[in-house]
Amino acid sequence: MSPAYFGMAMATGIVSLAAWQAGRPHMAEILFVLNVFIYALLWGLNIVRVFRFPRRFGADLIDHRRGPGFFTFVAATSILGTQFVILADNGSAGFVLWFVAVGLWICLIYTILTALTVKESKPTLEQGISGAWLLAVVATQSIAVLAAILAARVAQPIRIELNFLALSMWLWGGMLYIWMMSLIFYRYTFFRFSPGDLSPPYWINMGAMAISTLAGARLIANTGDAPFLATLLPFLKGFTVFYWATGTWWIPMLLILGVWRHVYKRFPFVYDPLYWGAVFPLGMYAVSTTSMVDELGFVFLKELPLIFFWVAFAAWLITFAALIIGLLRRFTRGPANA
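Computed from a predicted model, the values in this text were never measured in an experiment. (Residues numbered from 1 in each chain as written. Predicted model: local features only at pLDDT ≥ 70, side-chain atom pairs only at ≥ 80, totals over all residues. Heavy atoms only, no water.)

Peer 1: Sorry if this is basic, but what is going on with the pattern of salt bridges here?
Peer 2: Where charged atoms of side chains with opposite charge meet at close range, the side chains can pair. Enumeration over the complete set of coordinates arrives at four salt bridges. Among the ionic pairs, Asp60 bridges to Arg49, the shortest N-O distance being 2.9 Å. One end of the pair, Asp60, is in helix H3 (residues 54-61); the other, Arg49, is in helix H2 (residues 25-52), with 11 residues separating them in the sequence. You'll find Asp60 and Arg49 in the same group, each marked buried. Residue Arg159 pairs with Asp225 through a salt bridge whose shortest N-O separation is 3.3 Å. With Arg159 in helix H8 (residues 158-190) and Asp225 in the loop between helix H9 (204-221) and helix H10 (227-231), this pair connects stretches of sequence that are 66 residues apart. (Salt bridge = Lys/Arg side-chain N within 4 Å of Asp/Glu carboxyl O. Helix = DSSP H or I, 4+ residues; strand = E, 2+ residues; numbered from the N terminus. Buried < 20%, exposed > 50% of the residue type's maximum accessible area, 1.4 Å probe, protein only.)

Structure, rendered in structure tokens:
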């Protein structure tokens, strides 16, 4: 079982929020209910895995390629919390999930990065780095997004404190992206790249920038609630557009590489839980673009989020169908080790 399987909850949650923004409330609510079930099921499966296969679970936690997948735990929790606040108007559930996400983030960010730092046997950069590392950025920014959303629902002084925390996480997430993206881009251009190396999490290159855009837009919306945000307004607007432009640049690049992988190199399409890491960025791009358009008045971009919502929903349907087909085939062959 891949540590990144919570990417399924991330993808389902963000497509649900994109549906809500696109004026499809019934679709959004159905996906919300489904995501609650997916989230609970994934927690149950991971708890069972911890007790039945503790060594494998621990080995994944400190593995350069699989370890970053654990950050999907954080992002999925924050996104589900955002769904509760926006779709169910349930701020209490949103706060509970936010605290869970913060606790997970603290445990995972320091456990994983410390373990990868001090372990004696390490892979080369070519073998160890991938787009999955940027899930740490997504996890960080997801906490910033939910904090900013919750800040608008509480009284002072908690409101200003939540906004400060959201700003701090937003800035930290941006710095983390610069660190990690430098290594990923270096791996892109100076090491041999095979079709198998171009795994779906490379779409997180764009998704990390999309969720950073969303966090920036939420902070801009809260400038009236926190004087320090008002003084930083030009900076917030500039970096929000910067993040959005960077994420937009990645889309054609990733499509071209996808054509190279599957058409030119004929790499087969086979279901992999990592494909949820490609669905999530598409939905996040739709949500973040809508928020940026609303806050900055870029009305000439208003049709773009609707296009990406339908693309994200189609990608979600295909991936979900592939999951169901894969599970049916696996059950007919008998159980396997987790």
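Peer 1: Sorry, what's going on with a nonpolar patch on the surface here?
Peer 2: A contiguous nonpolar surface patch, about 340 Å² in accessible area, is contributed by Leu171, Phe235, Phe239 and Phe242. Among the elements that line the nonpolar patch, the one with the most residues is helix H11 (residues 233-264), at three residues. Note that Leu171 resides in helix H8. (Patch = residues over 30% accessible without salt bridge, like charges linked within 9 Å, V, L, I, M, F, W, Y side chains within 5 Å. Areas by Shrake-Rupley, 256 points an atom, 1.4 Å probe, with all protein chains shown as cover.)

Peer 1: Where do I start with helix H13 (residues 304-333) in this structure?
Peer 2: Because an α-helix completes one turn every 3.6 residues, residues spaced three or four positions apart along the sequence face the same direction. In a regular helix each residue adds 1.5 Å, so 30 residues correspond to 44 Å; H13 covers 44 Å between its end C-alpha atoms and thus fits that length. Of all the residues in H13, the buried ones are Pro305, Phe308, Phe309, Ala312, Phe313, Ala315, Trp316, Thr319 and Leu323. At its buried positions, H13 is contacted by helix H1 (7-21), H2, H11 and helix H12 (276-296). (Expected span 1.5 Å × (residues − 1). Contact = heavy atoms within 4.5 Å.)

Peer 1: I would appreciate a short explanation of H2 in the present structure.
Peer 2: The terminal C-alpha atoms of H2, which comprises 28 residues, lie 40 Å apart, in line with the 40 Å expected from a rise of 1.5 Å per residue. Within the span of H2, buried status applies to Ala28, Leu31, Phe32, Asn35, Ile38, Tyr39, Leu42, Asn46 and Arg49. Its buried side turned inward, H2 meets H1, H3, helix H4 (71-87), helix H5 (91-118) and H13.

Peer 1: Sorry, what's going on with the packing of aromatic side chains here?
Peer 2: Where two aromatic rings form a pair, the distance of their centres and the angle of their planes describe that pair. The tally for this structure, following the rule as stated, stands at 35 aromatic pairs. Following the ring pairs from residue to residue traces out a cluster consisting of Phe6, Tyr39, Trp43, Phe57, Phe70 and Phe73. (Phe/Tyr/Trp six-rings, centres within 6.5 Å; stacked < 30°, edge-to-face > 60°.)

Peer 1: Help me understand unusual backbone geometry, please; the structure alone is not making it clear to me.
Peer 2: Glycine aside, a negative phi is what most residues show, and trans is what most peptide bonds show. Pro157 follows Gln156 through a cis peptide bond whose omega is 5°. The topology assignment puts Pro157 in the loop between helix H7 (135-151) and H8. With phi around 55°, Asp89 is a residue other than glycine that occupies positive phi space. Structurally, Asp89 can be placed in the loop between H4 and H5. Judged by relative accessible area, which is 54%, Asp89 ranks as exposed.

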